[in-house]
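Next come the chains, spelled out residue by residue.
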Amino acid sequence: MSKPREEAARWFIRMHRDAGAQAGAADAAAWRRWMDADPRHAAEYAAFEALWQDFDSTPRAEALATAVNTAARQRRDTRRHTRRAAITRGVLGIAGLGTAGVLALRGWHAWQDSTLSALARDSAIGERIVLRLPDASTLTLGPASRIATRYSRRRRAVVLEQGEALFDVARDADRPFTIDAGQARITVLGTRFTVNRLPGLVRVSVEHGTVRLAGEGDAQGHQALLLHAGEVGEMPDAGTDGAHDADGTLPRPRPRRVQRDARDSFSSIERGLIVFDGAGLGEIAATLSRWRRQPVRAALAEGTDGGPRITAAVQRGDVESFLDALPRIAAVRVQERNGATWLTPRHVAPGKKPEN
């Protein structure tokens, strides 16, 4: 790389370091003196400016970005450095092309993060939908559930807005697969697992592979939980207990491993067999509401633990029979009012105001 070109690259980075910001007066004056000192300076700088203007559409820019990816992958595989170090080496490795310095700035990252595909789907009550994703992963959306996906060149991102879903994720070491579900952040490379949003918690069950479960604000993963085949983890969602730390802030939710059979979470989506394992009335109501037109609600007194714990297996076609039998197998009242079916622990006074 010639000295004028190298200097032009450095000046371009210096003048465009912050997106949308104007260079300071001192920098602008120094840049102008450098530009006037040699005709080659202006020519080299103009070359960088031209690439920057049409960065998103030029085949040359795409080729350079591909070269960056290749160089970064080679460095990661041989030295196992951090992703940032790999990208930096990739950019420097093609600096002789004369324009690669630009890629270390906004343009390369914007190109990497640009949306390749996006999808939003929701399922009806009792409906299950199988979605084939662009990377050969498969997503099975459970009943009364809603999901959104966004794929870029370096990320595969999913948001589970409500309900449950089964994921069979194709392995791609360069693009981790992440799911946001309330206050839970799930990260995988390639595995098969389910995510279920229930009242006050998010439950993750793993069939094979490894899943990382962390809180929404735990960017560094200091309190992350690694779940392996056959394991189940849960994350409190949306500050369910209302408790605050000593400084008055809401505590950061922490994931926990629970003793459950992971296979139970797959049976509902795959076969329509609903399994409750020590489930409270809130979980039972939310789950049954996904399978019947008239919603089920739990009427729980404030500060209670969710009422009696119930273990049962219910076929999707037997939901009504299960509700009819529930008062005989547990201390629960089942009542129809206000367009919903209400479940109430029998020790709650009839006049107690119910909670949704």
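From a predicted model like this one, the values you see are computed outputs, not experimental measurements.

*Asks:* Lay out the sheet that holds strand β18 (residues 332-337) with the relevant residues and their values.
*Replies:* Strand order in the open sheet formed by three strands is β16-β19-β18, and the pairing between neighbours is mixed. Every interior strand has two partners, whereas the edge strands, β16 (296-298) and β18, have only one. Strand after strand, the sheet turns through a mean of 25° between neighbouring axes, direction not considered. Pairing analysis gives six bridges linking β18 to strand β19 (residues 340-345), with the strands arranged antiparallel. When the bridges of β19 are listed, Gln 335 appears paired with Trp 342. Helix α8 (residues 281-289) rests against β16, β18 and β19 of the sheet, and its axis sits at about 170° to β16.

*Asks:* Let's hear about the packing of aromatic side chains: which residues, and what values?
*Replies:* A full pass over the atoms with the stated rule returns three aromatic pairs. Ring centres of Phe 167 and Phe 177 lie 5.9 Å apart, and the angle between their planes is 70°; this geometry places the pair in the edge-to-face category. Of this pair, Phe 167 sits in strand β6 (residues 164-168) while Phe 177 sits in strand β7 (residues 177-181); the two residues are ten residues apart in sequence, bridging distant segments of the chain. For Phe 167, a relative accessible area of 0% puts it in the buried group. Since its relative accessible area comes to 0%, Phe 177 is described here as buried. Summarising the aromatic geometry, the rings of Phe 167 and Phe 193 are spaced 5.1 Å apart at their centres and angled 15° between planes, so their arrangement reads as stacked. A residue pair is termed long-range when its members are at least 10 positions apart, and Phe 167 in strand β6 and Phe 193 in strand β9 (residues 192-198) qualify at 26 residues.

*Asks:* Describe in detail the environment of Arg 260, supporting the description with residues and values.
*Replies:* Relative to the helices and strands, Arg 260 is located in the loop between β14 (256-258) and α7 (263-271). Here the alpha-carbon distance between Arg 260 and Asp 277, two residues 17 residues apart in the chain, equals 7.5 Å.

*Asks:* Outline the side chain of Thr 149, supporting the account with residue identities and numerical values.
*Replies:* Residue position: Thr 149 is located in strand β4 (residues 146-151). On the basis of relative accessibility, which here comes to 7%, the residue Thr 149 falls in the buried class. Thr 149 has contacts with Ser 117, Ala 118, Leu 119, Leu 133, Leu 139, Ala 157 and Val 158, leaving out every residue within four places of it along the chain.

*Asks:* An account of the sheet that holds β14 is requested, with residue identities and associated values reported.
*Replies:* Spatially, the seven strands line up as an open sheet ordered β2-β3-β6-β9-β10-β13-β14, and their pairing is antiparallel. A single partner strand is all that each edge strand has here, and the edge strands are β2 (129-132) and β14. Averaged over all neighbouring strand pairs, the angle between strand axes comes to 20°, with direction disregarded. This element, α7, spans β3 (138-141), β6, β9 and β10 (201-208) of the sheet and lies at about 95° to β6.

Rules of the game
- Residues numbered from 1 in each chain as written.
- Predicted model: local features only at pLDDT ≥ 70, side-chain atom pairs only at ≥ 80, totals over all residues.
- Heavy atoms only, no water.
- Pairing = 2+ DSSP bridges.
- Helix = DSSP H or I, 4+ residues; strand = E, 2+ residues; numbered from the N terminus.
- Axes fitted to C-alpha atoms, helices over the stretch in contact; angles between N-to-C directions.
- Contact = heavy atoms within 4.5 Å.
- Phe/Tyr/Trp six-rings, centres within 6.5 Å; stacked < 30°, edge-to-face > 60°.
- Buried < 20%, exposed > 50% of the residue type's maximum accessible area, 1.4 Å probe, protein only.

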